[in-house]
Amino acid sequence: MHFYKPRQIGDKHVIKVAQALNEYLQGELMPDKSSISGATALYIIDKQPTFESVISKFEYERPDQHSDLTLVKPGGETVLVNLYKIKNNQLIQPKNLGAKSFIEKYFGSLDLQTEFNKDFEDVYRDYLEGIITTVGVQPDPLMSIRDLKKIVRCNYSKFEKNIDKYRSRLLYELREKCFFLFLKEYNSNSGSIESAFNTLFMTDSFNVVTRYRDDELLRVEEFLVKIGSIKKVSISKVGMNSLGISSDKITLLLRFKFESNPTSSIKLATSFAKSSDKDTTVSENRNSISLFKNAISNRMLIDIKSRDSNAIGKCAEAIFYFQFLSDNDAIRQVDKNNFINMFNTYAENVPNKDLDDILLSVVQATKELANFIIDKYGSHTIESIELVPENYLKNRLDTADLELLLNVSGKYVTEPISLKAMAKNTGEINCKNPGIGKIMSSTYFNLDQRHLSSLVNEAKKDFKDNKLDHREALEFISDKIAYQLVNAPQSNLVKGLKAMLGEALVIVLFYNRNQSLIFEHDEHISNVTVHRNTPSLIQNGLSWRNEDHLVSMRVKFSKGQSYGWSSLKLACSYSIRVC
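Definitions and limits used
- Residues numbered from 1 in each chain as written.
- Predicted model: local features only at pLDDT ≥ 70, side-chain atom pairs only at ≥ 80, totals over all residues.
- Heavy atoms only, no water.
- Helix = DSSP H or I, 4+ residues; strand = E, 2+ residues; numbered from the N terminus.
- Buried < 20%, exposed > 50% of the residue type's maximum accessible area, 1.4 Å probe, protein only.
- Areas by Shrake-Rupley, 256 points an atom, 1.4 Å probe, with all protein chains shown as cover.
- Lys, Arg positive; Asp, Glu negative; His and termini not counted.
- Charge placed at Lys NZ, Arg CZ, Asp CG, Glu CD.
- Core = buried A, V, L, I, M, F, W, Y, C linked by side-chain atoms within 4.5 Å.
- Contact = heavy atoms within 4.5 Å.
- Phe/Tyr/Trp six-rings, centres within 6.5 Å; stacked < 30°, edge-to-face > 60°.
- Lys NZ or Arg CZ within 6 Å of the ring centre and 35° of its normal.
- Pairing = 2+ DSSP bridges.
- Axes fitted to C-alpha atoms, helices over the stretch in contact; angles between N-to-C directions.
- Salt bridge = Lys/Arg side-chain N within 4 Å of Asp/Glu carboxyl O.
- Expected span 1.5 Å × (residues − 1).

Draft legend 1. Just the overall build of the protein chain, in detail. Across its full length, the protein chain holds 14 helices and 21 strands. Oriented by its inertia axes, the alpha-carbon framework of the protein chain measures out at about 95 × 55 × 50 Å. Taken over 579 residues, the protein chain has a buried fraction of 49%. With an accessible surface of roughly 29200 Å², the protein chain has 46% of that area assigned to carbon and sulfur atoms. Positive and negative charge centroids in the protein chain, built from 76 and 72 side chains respectively, lie 3 Å apart.

Draft legend 2. Representation of the nonpolar core within the structure. Residues Phe-102, Phe-107, Phe-116, Tyr-127, Phe-182, Phe-256 and Ile-266 are the most contacted members of the largest nonpolar core, which totals 55 residues. Here the element with the most residues in this core is helix α6 (residues 164-187); it accounts for 10 residues. Aside from chain neighbours lying at most four places away, what touches Phe-102 is Leu-97, Phe-107, Gln-113, Phe-116, Cys-178, Phe-182, Phe-256 and Leu-268.

Draft legend 3. Expanded view of the packing of aromatic side chains. Evaluated as defined, the whole model comprises 22 aromatic pairs. Between Tyr-127 and Phe-258, the ring centres sit 5.3 Å apart and the planes meet at 35°, which makes this aromatic pair tilted. Separated by 131 residues along the polypeptide, Tyr-127 in helix α4 (residues 110-133) and Phe-258 in strand β9 (residues 250-258) bring together distant segments of the chain. For Tyr-127, a relative accessible area of 2% translates into the label buried. Cluster of aromatic residues (ring-pair linked, three or more members): Phe-102, Phe-107, Phe-116, Phe-120, Tyr-124, Tyr-127, Phe-159, Phe-182, Phe-256 and Phe-258. Over the ring of Tyr-212 we find Lys-85, and its NZ or CZ is 5.0 Å from the ring centre.

Draft legend 4. Representation of unusual backbone geometry. Looking along the chain, the bond that leaves Thr-534 and enters Pro-535 is cis, with omega of 5°. If you trace the backbone, Pro-535 turns up in the loop between β18 (529-531) and β19 (539-544). Its identity as a non-glycine residue notwithstanding, Asn-88 has a phi of 50°, on the positive side. On the secondary structure map, Asn-88 appears in the loop between β3 (78-87) and β4 (96-98). Given a relative accessible area of 26%, Asn-88 falls into the partly exposed group. Of note in this structure, Asn-527 is not a glycine but carries a positive phi near 50°. Note on placement: Asn-527 falls in the loop between β17 (515-520) and β18.

Draft legend 5. Representation of the sheet that holds β19 within the structure. The sheet built from five strands is open, its strands ordered β15-β21-β20-β19-β18 with antiparallel pairing. Looking at which strands have only one partner, the edges of the open sheet turn out to be β15 (428-430) and β18. Going from strand to strand, the sheet's axes swing by 25° on average, the running direction of each strand aside. Taken together, the nine bridges between strand β20 (residues 549-557) and strand β21 (residues 568-576) define a ladder with antiparallel strand orientation. What sits directly across from Leu-550, in β21, is Ser-575. The strands touched by helix α13 (residues 470-486) are β18, β19, β20 and β21; relative to β20, the strand with the most contacts, the crossing angle is about 145°.

Draft legend 6. Region of interest: the sheet that holds strand β6 (residues 216-222). Strands sit in the order β1-β2-β3-β5-β6 across an open sheet of five strands; the sheet is mixed. Every interior strand has two partners, whereas the edge strands, β1 (53-56) and β6, have only one. Strand after strand, the sheet turns through a mean of 25° between neighbouring axes, direction not considered. One ladder, built from four bridges, connects strand β2 (residues 69-72) with β3; its direction is antiparallel. By the bridge assignment for β3, Leu-69 is matched with Val-81. Helix-sheet contacts for helix α2 (residues 36-47) involve β2, β3, β5 (206-213) and β6, and the interaxial angle to β5 is about 150°.

Draft legend 7. Representation of the environment of Pro-535. On the basis of relative accessibility, which here comes to 67%, the residue Pro-535 falls in the exposed class. A C-alpha to C-alpha distance of 35 Å links Pro-535 and Phe-372, two positions 163 residues apart in sequence.

Draft legend 8. Just the side chain of His-470, in detail. With respect to the helices and strands, the residue His-470 is situated in helix α13. Each residue touching His-470, except ones within four places of it in the same chain, is listed here: Phe-463, Phe-557, Gln-561 and Gly-564.

Draft legend 9. Up close: the pattern of salt bridges. The full count for this structure, using the stated rule, is 26 salt bridges. Residues Lys-177 and Asp-119 are paired through a salt bridge, measuring 3.5 Å at the closest nitrogen-oxygen approach. Taken as a pair, Lys-177 in helix α6 and Asp-119 in helix α4 lie far apart in primary sequence, 58 residues in all. Lys-177 gets classed as buried once you look at its relative accessible area, which sits at 15%. Owing to a relative accessible area of 27%, Asp-119 belongs among the partly exposed residues under this scheme.

Draft legend 10. Structural detail: α6. For α6, which comprises 24 residues, the first-to-last C-alpha distance of 35 Å matches the rise-based estimate of 34 Å (1.5 Å per residue) to within 8%. Most of α6 is tucked away, with 18 of its 24 residues classed as buried. Asn-189 sits one or two positions beyond α6 and adopts a positive phi of about 55°.

Draft legend 11. Inspection of the side chain of Gln-323 at higher detail. Secondary-structure assignment places Gln-323 in helix α9 (residues 309-327). When its relative accessible area of 13% is taken as the criterion, Gln-323 is described as buried. Other than its neighbours up to four places away in sequence, Gln-323 contacts Val-362, Val-363 and Thr-366.

Draft legend 12. Summary view of the pairing of β21. By the criterion of burial, β21 is predominantly enclosed, with seven of the nine residues buried. Pairing of β15 with β21 involves three bridges; the strand directions are antiparallel. When the sheet's bridge partners are listed, Ile-429 is paired in β21 with Tyr-574.

Quick look at the structure:
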């Protein structure tokens, strides 16, 4: 038995249909209605009876630049025909778009394409650097993309399990950036989305879909879409690496994918989906809610005493999501399984009482969030909710754990939410840790990262030469960080703080007390004070608003002293005086 790739199946189908049509035109015989290609040819003859000749794309020098078939009518009029041979009821997938050109080509915006490509280069480099670390190669800023790809190519001819997380992260981040740009374009009312719809839906072509099962014909049909007013268009995330643009009951799906191996080009696969007349959102959400309740019930059958702070935080995210969905069961979920999977993964490291307390505390917290959103935006519609999977993101500055998509006065608004779970109201919250290798870069304080990195290498050498012990090495690096911060302009301090804290709305659950706190980080951070070597020689602090707000940065090794020298990290926390 021969196994053909989808591209080969499609090409063979085009050749056979073109042959059947040419034989018909030459008067040799009618196409065989029982064969897949023959039935397709008969359908074309029935719908386009006046054509005089047919040209296959393979008659052109560059077949990919042309429609599958071109029918020529009397007088020279042409009909462009796209053929799709689809197994069963699978989605139509007509075009693979180049990731670094599709916005300009189909949405008509060079500026948005340029912005996307800039981010593409950054996350693609992170992707390659992540992979080479799996073979013991440390990334070097001086390495070019070509150098990195060469190392990857020499070690991985295909995607393997140990590098799948880097692929997932890259595709997710590309989808996130693309979604942000599409929202911006939608809100500008430029009309480019409607234009792209018409092009990608091939409204100027005759699109013939032939469906089959086990080499037997099922049916032949035309795929025809008429795009209405742009006011009816909506944009949504779908799963982890796709987004959808919908009009009425038709959705154009764009999915980021690798063409083949880890160093192959990245494309957007397009496909179309038709929704049913009946909206199933509520029933699907209630099913998700029921599954989560079952997960909680099953977990509570076991009495667990062990406590892990990270697991508590993850369970709190999943439970908060569950409660918010229960309160708003008509909103769309980006992914229906993430919150259930997250709970099942982490709940075994959370005591039963803590789970009970979190379940109780989120009831009031979700109501407070709803009121907060009303106060902030007024009249609005919540379009979707997403639980952001941590392993898909690298250096995530927005610190979001959940994200709501709102429609406010016909404009899309995203509301990222950072959820913190604390047993008691201590006023101190962990924040994202930039890392020694990033803290002074343009991403954060934009000072002298190269010099700090060289000092880290110097400390590492002195440590291995027994000139510094663990504590002395930490104190040395902490003081060098403090030196740059003390001498930094206020604008750099503000930039670094905003990057560390992110823009997400913060919800803190004090679950043992059934209390919660909702606030946004002050957008007007100013008059920042640097607290050098405070409260210890391996810590530095940055405060503002009369020291009501404080970010503390503690230098630490990633592993214990028994490992010798290990990579250096920053443990960062944010505290606020709560009245």
